[in-house]
Amino acid sequence: MSHKSPKDFFAPLAVGAPAPLREIPARPSRAIHFFDPSNPKMAAKVPAMVGTVDVLLGNLEDAVKADNKVAAREGLVKIASETDFGKTQLWTRINSLDSPWVLDDLVTLVTEIGDKLDVVMVPKVQGPEDIHYVDRLLAQLEAKGGVQKPILIHAILETARGVANVEEIALASPRMQGISLGPADLAADRKMKTTRVGGGHPGYLVRQDPVDGEIHGNRTVFQQDLWHYTIAKMVDACAAAGIYPYYGPFGDITDVVAAEDQFRNAFLLGCVGTWSLHPKQIEIANRVFSPSVEDIKHARRVVAAMGDGTGAVMLDGKMEDDASLKQCLVLVDLAEELAAIDPKLKELYDAIEIED
C-alpha cells in the first residue's frame with residue numbers, strides 16, 4: 001500500500017494548474033436544474049433562469065441521445081460563453097467514464113469554458129480510482145487552458161459498488177464538492193424491484209399488528225422509504241469529508257406532493273439540495289431546502305440564550321445545551337448563506353423578531 005503525505009494533496013496535479021482548495025465553499029445549491037444544451041428551446045430559456053435557481057447544469061449524459069452528444073457539448077460551450085451567470089453556478093454532467101464521448105467532453109469544456117464552469121458531475125462512480133482519473137485530467141486541462149480556479153468534482157452514487165465505496169469516493173480528492181443519489185440506476189444495479197425514479201413504493205411497508213388476533217382485520221399500513229439507508233450512508237461520508245450530500249432526481253414530475261416529501265426527507269437527513277428536472281421542481285426545492293421562519297426563529301433564540309455556548313438553559317420547557325446549540329448554528333449559518341443570494345428569504349429572515 002502506497003502512502004502519500006497529506007501536504008501533497010494541496011499541490012496541483014499538473015504544472016501550471018491552480019492550487020487545490022483547502023475547503024469547499026458553502027455555496028447554496030438547493031436545486032440543481034438540468035437542461036439539455038442540444039435542445040434549442042431549452043437552451044433559449046437558460047439566460048432567463050439565471051438568478052431563479054442556485055445551479056444550472058448542462059446535461060451531456062443520460063437523456064441526450066447518442067446522435068446529439070456533440071451538439072449538446074457544443075451547445076453548452078455556446079451558452080456558457082454568451083451568458084453572465086452572476087451568483088448562479090454553472091455545472092455540467094459529463095458522459096460516463098466508459099463512454100466514447102467523455103474525453104472530448106472534458107477536453108472541450110475545460111479548455112474553452114473552464115473559468116465559467118464550477119463543477120463537473122461524474123456519473124456512475126464506482127470507486128476512488130474514477131475520481132483520481134478525472135482529478136488528474138482536470139489539472140492537465142486547467143494548465144493547458146489557463147484556468148484560474150480549480151473545477152470541482154461531484155460524484156453520482158448509482159451503483160452498488162459506489163455505495164460500498166462511498167467513504168473512499170468522498171475522500172478521493174480535494175476537488176470533491178459533493179455526492180448525489182442516483183436512485184434509478186442504483187435500483188437497476190441492485191436488482192431492486194421498483195421502476196420508479198426515487199420516492200417510495202406501496203409494496204415496501206410495515207403493517208400494524210393484528211388487533212385481537214384478527215390478521216385480516218383493518219390494519220393500518222405504513223409505507224417505508226426505500227432510500228433511507230443509502231442517503232444516510234452518503235450523508236455520513238460527505239459530512240466526514242467536509243463535502244455536500246444531495247438527493248438526486250424525482251422522476252414523477254406531476255406528483256409534486258411526493259416530490260416535496262422525498263426532498264424534505266433528504267433535507268432532514270442532512271442533504272443540502274436536490275436535482276430539478278422541471279421548473280416546477282425548482283420552487284419546491286428552494287422552499288424545502290431553505291429553513292422555515294419558525295426554525296430560524298427558534299435557532300436564533302437558542303443561540304441568544306446560550307451566551308458563551310457552555311452549560312444548559314431551559315426554553316419553553318425543553319433543555320438546550322451545547323449539542324442543541326451546534327444544531328441551531330447549522331440552521332443559522334445556512335440562513336445567512338441563503339439570504340446572501342435570495343432577496344425574498346433575506347426579507348423573511350430579517351423580519352424575525354426573537355422573544356425573550
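Note: the structure precedes this text.
These figures come from a predicted structure and were not determined experimentally.

Analysis parameters
- Residues numbered from 1 in each chain as written.
- Predicted model: local features only at pLDDT ≥ 70, side-chain atom pairs only at ≥ 80, totals over all residues.
- Heavy atoms only, no water.
- Helix = DSSP H or I, 4+ residues; strand = E, 2+ residues; numbered from the N terminus.
- Rg over C-alpha atoms; globule rule 2.2 N^0.38 Å.
- Buried < 20%, exposed > 50% of the residue type's maximum accessible area, 1.4 Å probe, protein only.
- Contact = heavy atoms within 4.5 Å.
- Areas by Shrake-Rupley, 256 points an atom, 1.4 Å probe, with all protein chains shown as cover.
- Lys, Arg positive; Asp, Glu negative; His and termini not counted.
- Charge placed at Lys NZ, Arg CZ, Asp CG, Glu CD.
- Arc of directions from axis to C-beta.
- Polar contact = N/O pair within 3.5 Å; in protein donor to acceptor, adjacent residues only side chain to side chain.
- Disulfide = S-S within 2.5 Å.
- Pairing = 2+ DSSP bridges.
- Right-handed = clockwise from strand over helix to strand, strands pointing away.
- Salt bridge = Lys/Arg side-chain N within 4 Å of Asp/Glu carboxyl O.

A. Seen up close, the overall build of the chain. Per the secondary structure count, the chain includes 13 helices and 12 strands. Taken against the 2.2 N^0.38 rule, which gives 21 Å for 356 residues, the C-alpha radius of gyration of the chain at 22 Å falls within 12% of a compact globule. When the backbone C-alpha atoms are referred to their principal axes, the chain occupies close to 65 × 55 × 50 Å. The 356 residues of the chain split such that 47% are buried. Residue pairs in contact within the chain that sit at least 24 positions apart in sequence constitute 73% of those at least 6 positions apart. Accessible surface computed for the chain: about 17900 Å², of which carbon and sulfur atoms make up 55%. Seen as two clouds, the 37 positive and the 51 negative side-chain charges of the chain have centres 4 Å apart.

B. Highlighting helix α1 (residues 40–49). Considered for burial, the residues of α1 that qualify are Ala43, Val46 and Met49. Seen end-on, α1 carries its buried residues on one side only, within an arc spanning 110°. The outward face of α1, more than 90 degrees from its buried face, is lined by the exposed residues Pro40, Lys41, Ala44, Lys45 and Ala48. Where α1 begins, the capping side chain belongs to asparagine 39, and its oxygen is found 3.0 Å from the backbone nitrogen of lysine 41. After α1 finishes, the residue glycine 51 shows a positive phi value of roughly 90°.

C. The arrangement of the state of the cysteines in detail. Inspection of the entire model under this criterion finds 0 disulfides. In this structure cysteine 271 is a free cysteine whose sulfur lies 7.9 Å from that of cysteine 238, the closest cysteine sulfur available. Among the residues examined, cysteine 271 registers a relative accessible area of 3% and is labelled buried.

D. Quick peek at the pairing of strand β1 (residues 31–35). Counting buried residues along β1, 5 of its 5 residues qualify, which places the element largely inside the surrounding structure. The side-chain alternation of β1 yields two buried faces, one formed by Ala31, His33 and Phe35 and the other by Ile32 and Phe34. Sheet topology note: the β1/strand β10 (residues 274–276) ladder contains 3 bridges and is parallel. Across the sheet, the residue bridging to isoleucine 32 is tryptophan 275, located in β10. Examined bridge by bridge, β1 and strand β2 (residues 55–59) share 4 bridges and lie parallel to one another. Across the sheet, the residue bridging to phenylalanine 34 is leucine 57, located in β2. In this view, the connection linking β1 to its parallel neighbour β2 by way of α1 has right-handed handedness.

E. Structural view of the pattern of salt bridges. Scanning the entire structure with this criterion turns up 18 salt bridges. For the salt bridge of arginine 161 with glutamate 129, the shortest nitrogen-to-oxygen distance reads 2.6 Å. Highlighted residues: arginine 161 in helix α5 (residues 160–164) and glutamate 129 in helix α4 (residues 128–145), separated in sequence by 32 residues. On the accessibility criterion, arginine 161 (42% relative accessible area) is partly exposed. The residue glutamate 260 makes a salt bridge to arginine 264 at a minimum N-O spacing of 3.0 Å. With a gap of 4 residues between them, glutamate 260 and arginine 264 both fall in helix α9 (residues 256–269), about one helical turn apart. One connected set of salt bridges, linked through shared partners, spans Glu61, Asp62, Arg93, Lys124 and Asp185.

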